[in-house]
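Notes for the structure review
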Amino acid sequence: MFETLSEMFSYGFLVRAVVVGVMVSLCAALLGVSLVLKRYSMIGFGLSNVGFGTLAIATALNLAPLAVSMPVVVLAAFLLLRISENSKIKGDAAIALISTASLAIGISVIAMTTGMNTDVCNYLFGSILAMSHADVQLSVTLSIAVMALFVLFYNKIFAVTFDEGFARATGVKAGAYNMLIALLTAMTIVLGMRMMGALLISSLVIFPALTSMRLCKKFKTVTICSAIVSVACFFIGVVMSYLHAIPTGASVVLVNVVAFFGFWLAALLVLRRKGAQTAELGAERLERMVE
């Protein structure tokens, strides 16, 4: 095992992938808990498709992909949030509308310019070979910014997540903090797209949160557990990808699926044990009453 890890980390591109992947996994896990609880889970999928369309256009125009896609995806996140809150179009319909349109635009631009350029396809399906030194520096910097903002505004994000109406009544600017969540989510999606791909990046947001909720019930413990699960699944996924030549994004998602069912089975066992203990206590009380 140690020989395999030593061999893996002798490759510079794998080191870059693991560094960025761990940072992005942490960001996605922290935000994922709030998004799942607020029923915004699919916003990650919608934003990733917007990112793909933007990246396709940037590549066709020979512009810096991440620098171009970041502000566009952030604007799309704000738009989706506004549509969900104030429009007659429901949130899921708005996400489907924007995401499919963006995906169609991206594919059309690629077909008309570069003829399905391989580099852009990596954005769609993910590739650890796509991480350059500049991408690593930008990704690490923005990931640290996302985590710092989450920690700084943790209490407000918690309040808005669980009871937005009460938070507004107590003077919390819920709209501003919803915008903050949308901003951080958009940044995380863009950072993770090159590695996980536009079609799979939303799994980093959804799976760790849902997995942790099988066993943990408090917001803080779910968030911490989600972060641990996300990083562990990413690292194991990268190792499996290296050993079995599986695309990194798909490998990470499959490990997350296994972790989800593992936690689900563990939760069932815990419930059964509690049920058995409750039954034993009830039987003991009944025996004492009879005596």
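Residues numbered from 1 in each chain as written. Predicted model: local features only at pLDDT ≥ 70, side-chain atom pairs only at ≥ 80, totals over all residues. Heavy atoms only, no water.

**Brief notes about the overall build of the protein**
Rules: Numbering goes from the N terminus for both helices and strands, where a helix is a DSSP run of H or I of at least four residues and a strand is a run of E of at least two. Only heavy atoms enter the contact rule, under which two residues are in contact if any of them lie within 4.5 Å. Only the protein chains shown count as covering a residue, and every accessible area follows the Shrake-Rupley method with a 1.4 Å probe.
A count of helices and strands for the protein gives 13 helices and zero strands. Helices and strands in the protein line up, N terminus first, as α-α-α-α-α-α-α-α-α-α-α-α-α. Contacts in the protein between residues at least 24 apart in sequence constitute 76% of all its contacts with a sequence separation of at least 6. Split by element, the accessible area of the protein, about 14600 Å² in all, is 69% carbon and sulfur.

**Remarks on the packing of aromatic side chains**
Our working definition: Think of it this way: a Phe, Tyr or Trp ring, Trp meaning its six-membered ring, pairs with another when their centres are within 6.5 Å, and the plane angle makes it stacked under 30 degrees, edge-to-face over 60, tilted otherwise. Only protein chains enter the area calculation, which uses a 1.4 Å probe; residues under 20% of their type maximum are buried, those over 50% are exposed, and those in between are partly exposed.
Counted under the stated rule, the structure contains seven aromatic pairs. Relative to Trp264, the ring of Phe261 has its centre 6.2 Å away and its plane inclined at 80°; by these criteria the two rings are edge-to-face. Here Phe261 pairs with Trp264, and both are found in helix α13 (residues 248-290), just three residues apart, close to one helical turn. For Trp264, a relative accessible area of 39% gives the class partly exposed. Every member of this aromatic cluster is reached through a ring pair, and the members are Phe150, Tyr154, Phe158 and Phe219.

**Looking at the confidence of the model for the protein**
Rules: What pLDDT expresses is the predictor's confidence in each residue, scored from 0 to 100.
Confidence in the prediction of the protein, expressed as mean pLDDT, is 79, and 84% of residues score 70 or more. By mean pLDDT, the top-scoring element of the protein is helix α12 (residues 219-244) (89), and the lowest-scoring one is helix α6 (residues 118-125) (62).

**Observations concerning the environment of Val18**
With respect to the helices and strands, Val18 occurs in helix α2 (residues 12-37). The exposure class of Val18 is buried, given its relative accessible area of 10%. The spatial distance from the C-alpha of Val18 to the C-alpha of Val238 is 7.6 Å, given a sequence separation of 220 residues. Setting aside residues no more than four positions away along its own chain, Val18 makes contact with Phe9, Phe234, Phe235 and Val238.

**Observations concerning the packing of α2 against helix α10 (residues 174-196)**
This is how the line gets drawn: Note on geometry: axes are lines fitted to C-alpha atoms, helical ones only across the stretch in contact, with angles between N-to-C directions running from 0 to 180 degrees. The handedness criterion is simple: a crossing whose near helix is rotated anticlockwise from the far helix by less than a right angle is left-handed, and one whose near helix is rotated clockwise is right-handed. Note on residue categories: nonpolar means Ala, Val, Leu, Ile, Met, Phe, Trp, Tyr, Cys or Pro, charged means Asp, Glu, Lys or Arg, and polar means any other residue, Gly included.
Direction vectors running N to C along α2 and α10 enclose 145°, while the axes themselves pass 9 Å from each other. For the pair α2 and α10, the crossing hand works out as left-handed. Residue-level inspection shows Ala17, Val20, Gly21, Val24, Cys27, Ala28, Leu31, Ser34 and Leu35 of α2 in contact with α10, the latter providing Ile181, Leu184, Thr185, Thr188, Leu191, Gly192 and Met195. Looking at the contact of α2 with α10, its residues break down into 11 nonpolar, five polar and no charged.

**Some words on the state of the cysteines**
Selection rule: Note on terminology: pairs of cysteine sulfur atoms within 2.5 Å are recorded as disulfides.
In total, this model carries zero disulfides according to the counting rule given. With no disulfide of its own, Cys233 lies closest to Cys225 among cysteine sulfurs, the gap being 9.9 Å. You can call Cys233 buried: its relative accessible area is 4%.

**Considerations on helix α11 (residues 202-213)**
This is how the line gets drawn: Multiplying 1.5 Å by the helix residue count minus one yields the expected span of that helix.
Its 12 residues place the ends of α11 17 Å apart at the C-alpha level, agreeing with the 16 Å of an ideal helix rising 1.5 Å per residue. For α11, the buried fraction is high: 10 of the 12 residues fall into the buried class. Every buried residue belonging to α11 is among Ser202, Ser203, Leu204, Val205, Ile206, Pro208, Ala209, Thr211, Ser212 and Met213, and all of these are buried.

**Observations concerning the packing of α11 against α12**
The criterion, for reference: Throughout, the term roughly parallel applies to angles under 35 degrees, roughly antiparallel to angles over 145, roughly perpendicular to angles from 65 to 115, and oblique to all others.
Viewed as axis vectors pointing N to C, α11 and α12 meet at an angle of 125°, and their least axial separation amounts to 8 Å. By the criterion of interaxial angle, the relationship of α11 to α12 is oblique. In terms of crossing hand, the pair formed by α11 and α12 is right-handed. Here Pro208, Ala209, Thr211, Ser212 and Met213 of α11 come into contact with α12, specifically with Val222, Cys225, Ser226, Val229 and Ser230. For the contact of α11 with α12, the residue count by class is six nonpolar, four polar and no charged.

**Quick word on the nonpolar core**
The test is simple: Among buried residues, the Ala, Val, Leu, Ile, Met, Phe, Trp, Tyr and Cys ones that are joined through side-chain atoms within 4.5 Å form a nonpolar core.
One finds Ile43, Leu47, Leu80, Met193 and Leu204 to be the most contacted residues of the largest nonpolar core, which totals 66 residues. Of all the elements, α10 adds the most residues to this core, at 15 residues. Residues Val36, Cys216, Cys225 and Val255 belong to the second largest nonpolar core, which totals 12 residues.

**What about α12?**
Over its 26 residues, α12 extends 36 Å from the first C-alpha to the last, a length consistent with the 38 Å expected when each residue adds 1.5 Å. Within two residues after α12, Ala245 carries a phi angle of roughly 55°, on the positive side.

**Looking at the side chain of Ser25**
Relative to the helices and strands, Ser25 resides in helix α2. Among the residues examined, Ser25 registers a relative accessible area of 0% and is labelled buried. Excluding residues that lie within four positions of it along the chain, Ser25 makes contacts with Leu204, Ser230, Val231 and Phe234.

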